[in-house]
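# Fold and geometry: a report
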Amino acid sequence: MSEQMRPEQIQITIDQQSITVAAGSTVAVAIALAGLNCRTSVTGEPRGPLCAMGICFECRATVNGIAHSRTCQLLCEPAMDIRTQ
Amino acid sequence: MTTQSHLAHRFQTLIVGSGPAGIAAATCAAEAGHRVGIIDDNPNPGGQIWRSLRGQSTPDTSHGDGASEWYRRLTATSATRLQGWSVFDQPEAGIVRAERQGGTVHLHYDNLIIATGARERFLPFPGWTLPNVMGVGAIQAMVKGGLPVAGKRIVLAGSGPLLLAVAATLRAAEAIVVCICEQASLRQLAPFALGLAADPAKIMQGLRYKAATLDVPFHTSAWPVEADGDGILRSVTILHHGEKQQISCDYLACGFHLVPNTELAAMLGCRIEADNVAVDELQRTSISNIFCAGEPTGIGGLELSLIEGQIAGLAGAGQDKEARLLLDKKRRASHFADRLAAAFALRSELKELPQETTLVCRCEDVPYGSLKQHHSWRAAKLHTRCGMGPCQGRICGTATHFLLGWNADSVRPPLLPVRIASLASLEAPLNSATSNTQETP
Ligand SMILES: Cc1cc2nc3c(=O)[nH]c(=O)nc-3n(C[C@H](O)[C@H](O)[C@H](O)COP(=O)(O)OP(=O)(O)OC[C@H]3O[C@@H](n4cnc5c(N)ncnc54)[C@H](O)[C@@H]3O)c2cc1C
Ligand code: FES
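Predicted model only: the values in this text are computed from it and were never measured.

This next bit is on the overall build of chain B. Counting its secondary structure elements, chain B contains 16 helices and 21 strands. In chain B, which comprises 441 residues, the share counted as buried stands at 58%. Within chain B, contacts between residues separated by at least 24 positions form 64% of all contacts whose residues are at least 6 apart in sequence.

Right, here's the structure in full:
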C-alpha cells in the first residue's frame, strides 16, 4: 500500500472500548494511549512493555483472537480487536 | 502459483535480521548475483538504530548515517524482503521455519547469514516491574511507534552510548529529559570519549547528540536504586556519588548497555565464545555455510555491523577477494568495539540492586531471595520456574549471568513460544508473507 492510501486515523477496539489511533502506531502504544496495561502477571501485578523489541513478552495481549501476541511488534490495523491479558 | 511460491522459498543466501548488518549482507550477496531472502521480525526494516518512524515503512533515514543509501541499494536488487516474521527453528539442516500471526513459512537456504543484532541488558531493582519503567532503546522504539511524550518527565539511566542517542530522540519529541544517569565513572569514560576524537564521523554524531542535550544534566557514577508508584511509575530514586535523590517522573528508561542475540546461532550449533558468536575473518561460524555479522559477534556499533554484513554477504556469495578488501576497515572499526566494552563495563555495586523480594524473572514472578538459594541456573530453573516463561530466560538469564555468574542452558527449539498450529507447520502462502510492506518478488 502506498503512503498516500493509508488513512491518517484508524479505529480499533481495546477491551471492547472503541479507540482512534494514528495509522502506523504499534498496538503496544495504542494500549498505553487507552490508559491500560498490557497484562497482569502471575502474582497479579500490572505490566507494560519493557524491551519494545519482541524479546521480553511483557507487552503480550490477545490480538484478533490470537493470545500472547507481542503488541510491540504489531502495527494497528483498522477494526483490530485487542484484549489485554 | 505453487511452483512460484515454492521457488520463492529457496534462497542461495538467506539473512535473518534486517538491521544494518543484514541489509548490507543482503545487498552485497544479491549484487554478487545470489538469489537472496532477508527475513526480520519487525513490521518494517531497519533493525534497532534505523527503526522506522510511525507511518513510514522504510528505515529511519533522518540521521544521515547511510540508511537511505543502503536501503536504496537493497531495494534495487531482487532480494525478497520478509518483514514481521520470527525465525524459530530449523526442522532439518538447510531449512528454517518462521512464524507470524496466523502462519508459518519454511525457508530453504544454501548459506545462512545470522544478523540478529543485540538487545538491552536489564538489571532488577525494586520497582523495575512497574508500568512505564522500560528500556532506553525501548522508549525510543515506543516513540517511533507513535507514543506521544511531549511534556512528559523522563529519567534516562543505566549505561552505554544509547543513553545520549535516546536523549536526543526524546528531546526532539519535546519530552522533558530530567537527567541522564550513567553508572560508569568519569574516569572509566574519559579514554572512550578521547578515542572518539580520532573519528570524524563519530565526532559529528556526538556533536549532534550533544547539541540536542546540552541542557540535560549528565551524571556519571549514578544509577537507579528504586522505582516507586501505585500501579504505575511515579518516581525514581537515584544514587549519585553515594547520595540518594528521589525524582518524580512519568517514565524511567533504564538499560545497562547491550547483549548480543546469540540464541539462533547457538540453536543451530554454531560455537559461542565469551558470550559472542565465534567467526573467522570472513564472518564464517563454526558451521561452514552459516555466517554471522553485526552485534551477535560482539557489540561494536553501526559501522562495524555494516562492514561485517558486507563481508558476510560477499564471502557467502563466493567473493572472498572482494570481502578481504574490507578487512582493514573492519580491524579499525573493531578498536571502537574494544573501547566500548571497556568504557561501559558494569560496576560490581549493581549486583547489590535487587532486594530479597525484588522479582528477577518477570514471566514467572520469581523473587531474588528464592533464586539465590540455588547454585546454578539449572537448579534455580528446576525449583523456581525461573526462565521457564515465554521470554525463555532472555531477560532473567542475562540478569543472573551478571548477578550470580550463572550460565544459561543450551538453547533448544523453538526459539520462541509458538502456537501449536505453527509447530504442526501449516504453510502460509508467501504472498501473505510479503504483503506487509514489501513487494512480492
Ligand atoms: C533497543 C536498541 C536500540 C538501539 N538504538 C541505537 C541508536 O539509536 N543509535 C545507535 O547508534 N545505536 C543503537 N543501538 C545499537 C545497535 O545495536 C547498532 O548500532 C545497530 O543497530 C546494530 O545493527 P545490527 O544489524 O547488528 O543489529 P540490529 O539493528 O539489532 O538488527 C537485528 C534485527 O534482527 C531481528 N531479529 C533478531 N532475531 C530474529 C529472529 N529470530 N527472527 C527474525 N528476526 C530477528 C531483530 O528484530 C532486528 O530487527 C541500539 C540497540 C538496541 C538493542
Ligand atoms: S515489550 Fe518486550 S516483547 Fe514487547
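Next, the rest of the story.
Near ligand 1 lie 29 residues; those nearest to it are B:Ala21, B:Asp40, B:Asp41, B:Gln48 and B:Glu295. Nearby residues place ligand 1 at the junction of chains A and B. A distance of 2.5 Å separates an oxygen atom of ligand 1 from a polar side-chain atom of B:Asp41. In the environment of ligand 1, an oxygen atom lies 2.9 Å from a nitrogen or oxygen atom belonging to the side chain of B:Asn42.

Below, the discussion takes up unusual backbone geometry. Residue and element names in this part refer to chain B. The step from Pro 413 to Pro 414 runs through a cis peptide bond, and the omega angle for that step is -5 degrees. Relative to the elements of secondary structure, Pro 414 occurs in the loop between helix H14 (396-404) and helix H15 (420-423). The backbone of His 257 shows a phi angle near 55 degrees, a positive value even though the residue is not glycine. With respect to the secondary-structure elements, His 257 resides in the loop between strand S15 (251-256) and strand S16 (258-260). Taking the relative accessible area as the measure of exposure, His 257 reaches 12% and is therefore buried. The phi angle at Asp 275 is positive, at roughly 70 degrees, despite the residue not being glycine. Of note, Asp 275 is situated in the loop between strand S17 (272-273) and strand S18 (276-277).

Attention now moves to empty space enclosed by the protein. Applying the stated criterion across every chain, the model contains 4 cavities of 30 Å³ or more. Taken as a whole, the largest cavity encloses approximately 200 Å³ of empty space. Lining the largest cavity are 21 residues, with A:Thr26, A:Leu75, B:Pro43, B:Arg51 and B:Ser52 sitting closest to its centre. Of the residues in the lining of the largest cavity, the class split is 7 nonpolar, 10 polar and 4 charged. Two domains each put at least three residues into the lining of the largest cavity: domain 1 (6-119 + 260-341 + 420-439) and domain 2 (122-256) of chain B.

All names here are of chain A. Reading across the sheet, the 5 strands line up as S2-S1-S7-S5-S6 and stay open at both edges, with mixed pairing between neighbours. What marks the edges here is a single partner per strand, and that holds for strand S2 (17-22) and strand S6 (66-70). Mean inter-strand twist for the sheet, computed between neighbouring axes without regard to direction, equals 40 degrees. With 3 bridges joining them, strand S5 (residues 60-63) and strand S7 (residues 81-84) adopt antiparallel strand pairing.

So, about the packing of aromatic side chains. Residues and elements named next belong to chain B. Under the counting rule described, the total for this entry stands at 0 aromatic pairs over all chains. When the ring centre of Phe 402 is taken as origin, the NZ or CZ atom of Lys 351, which lies over that ring, is 5.2 Å away. A cation over an aromatic ring shows up here: Arg 362 above the ring of Trp 128, its NZ or CZ 4.6 Å from the ring centre.

Moving on to the nonpolar core. Grouped burial of nonpolar side chains is what soluble globular proteins tend to show. Of all hydrophobic cores here, the largest spans 74 residues; its most connected members are B:Ile39, B:Ile114, B:Val155 and B:Leu252. The dominant element in this core, judged by the number of residues it contributes, is strand S6 (residues 103-114) of chain B, at 5 residues. Residues contacting B:Val155, with those up to four places away along its chain left out, are B:Val178, B:Cys179, B:Val236, B:Ile238, B:Ile247, B:Cys249, B:Tyr251, B:Leu252 and B:Ala253. Core analysis: the next-biggest nonpolar cluster, separate from the first, contains 43 residues, A:Ile10, A:Val21, B:Ala175 and B:Ala253 among them.

Before going further, it helps to examine the interface of chain B and chain A. Contact with chain B, which involves 44 residues of that partner, is made by 37 residues of chain A. On the chain B side of the contact with chain A, B:Gln101, B:Met142 and B:Arg362 bury the most area, a combined 17% of that side's loss. Linking chain B to chain A there are 2 salt bridges. With a shortest N-O distance of 2.5 Å, A:Glu58 and B:Arg362 are connected by a salt bridge. Inspection of the region where chain B meets chain A yields 14 residue pairs in polar contact (both at pLDDT 80 or more).

A few words on the confidence of the model for chain A. For chain A, mean pLDDT is 92; residues scoring 70 or higher make up 92% of the total. Contacts for the low-pLDDT stretch residues 1-5 of chain A, under 50 throughout, to residues beyond four places or in other chains number 4 contacts.

All names here are of chain B. For S6, the buried fraction is high: 9 of the 12 residues fall into the buried class. The pairing of strand S5 (residues 95-100) with S6 spans 6 bridges and is antiparallel. Residue Glu 99 lies in a different strand from S6, and its bridge partner there is Thr 104. Linking S5 back to S6 in an antiparallel pair, the connection comprises 2 residues, with Gly 102 at a positive phi of about 95 degrees. The pairing of S6 with strand S19 (residues 290-292) spans 3 bridges and is parallel. Bridge pairing in S19 links Ile 114 to Cys 292.

Calculation criteria
The numbers attached to residues start from 1 for each chain and follow its sequence in the written order. A letter from A marks each chain and a number from 1 marks each ligand, given out in the order of writing. Local features are withheld for residues below a pLDDT of 70 in this predicted model, meaning they are given only at 70 or higher, and side-chain atom pairs are given and counted only at 80 or more; totals for whole chains, interfaces and linings count all residues. Side-chain measures were taken over the full set of non-hydrogen atoms in the model, leaving aside hydrogen atoms and water. Here a strand is any run of E in DSSP of at least two residues, a helix any run of H or I of at least four, and the numbering for each starts at the N terminus. For each residue, the accessible area found with a 1.4 Å probe, counting protein chains only, is set against the maximum for its type, and the residue is called buried under 20%, exposed over 50%, and partly exposed in between. Whether two residues touch is decided by their heavy atoms; if any such pair falls within 4.5 Å, the residues are in contact. It suffices for a single heavy atom of a residue to lie within 4 Å of a molecule or strand for the residue to be listed as near it. Within 3.5 Å is the distance limit for a polar contact, defined as a pair of N or O atoms, with the added protein rule that one can donate a hydrogen and the other accept it, and that residues adjacent in sequence qualify only through two side-chain atoms. Put simply, the grid is 1 Å and covers the protein atoms alone, a cavity is a trapped set of points that fit a 1.4 Å probe, a pocket is an open set with protein on both sides within 12 Å along at least five of seven lines, and lining residues have an atom within 4 Å of a point. Grid points are joined across faces, edges and corners, and a volume is the space filled by probe spheres set on the points. Put simply, Ala, Val, Leu, Ile, Met, Phe, Trp, Tyr, Cys and Pro go in the nonpolar bin, Asp, Glu, Lys and Arg in the charged bin, and everything else, Gly too, in the polar bin. Per the annotation, domain bounds derive from an automatic or database assignment of domains. Strand pairing requires that DSSP identify at least two bridges connecting the strands. Each axis is a line fitted through C-alpha atoms, and for a helix only the stretch in contact is used; angles between axes span 0 to 180 degrees, taken between their N-to-C directions. Note on aromatic contacts: the rings of Phe and Tyr and the six-membered ring of Trp form a pair at centre separations within 6.5 Å, being stacked when their planes are under 30 degrees apart, edge-to-face when over 60 apart, and tilted otherwise. Only when the NZ of Lys or the CZ of Arg is both within 6 Å of the ring centre and within 35 degrees of the ring normal is a charge said to sit over the ring. What is meant by a nonpolar core is a set of buried Ala, Val, Leu, Ile, Met, Phe, Trp, Tyr and Cys residues, joined one to another through side-chain atoms within 4.5 Å. Accessible surface is computed with a 1.4 Å probe, and the buried area is the amount of it that two parts give up when combined, taken over both parts together. Criterion for a salt bridge: a side-chain nitrogen of Lys or Arg within 4 Å of a carboxyl oxygen of Asp or Glu. Think of pLDDT as the predictor's per-residue confidence, scored from 0 to 100.

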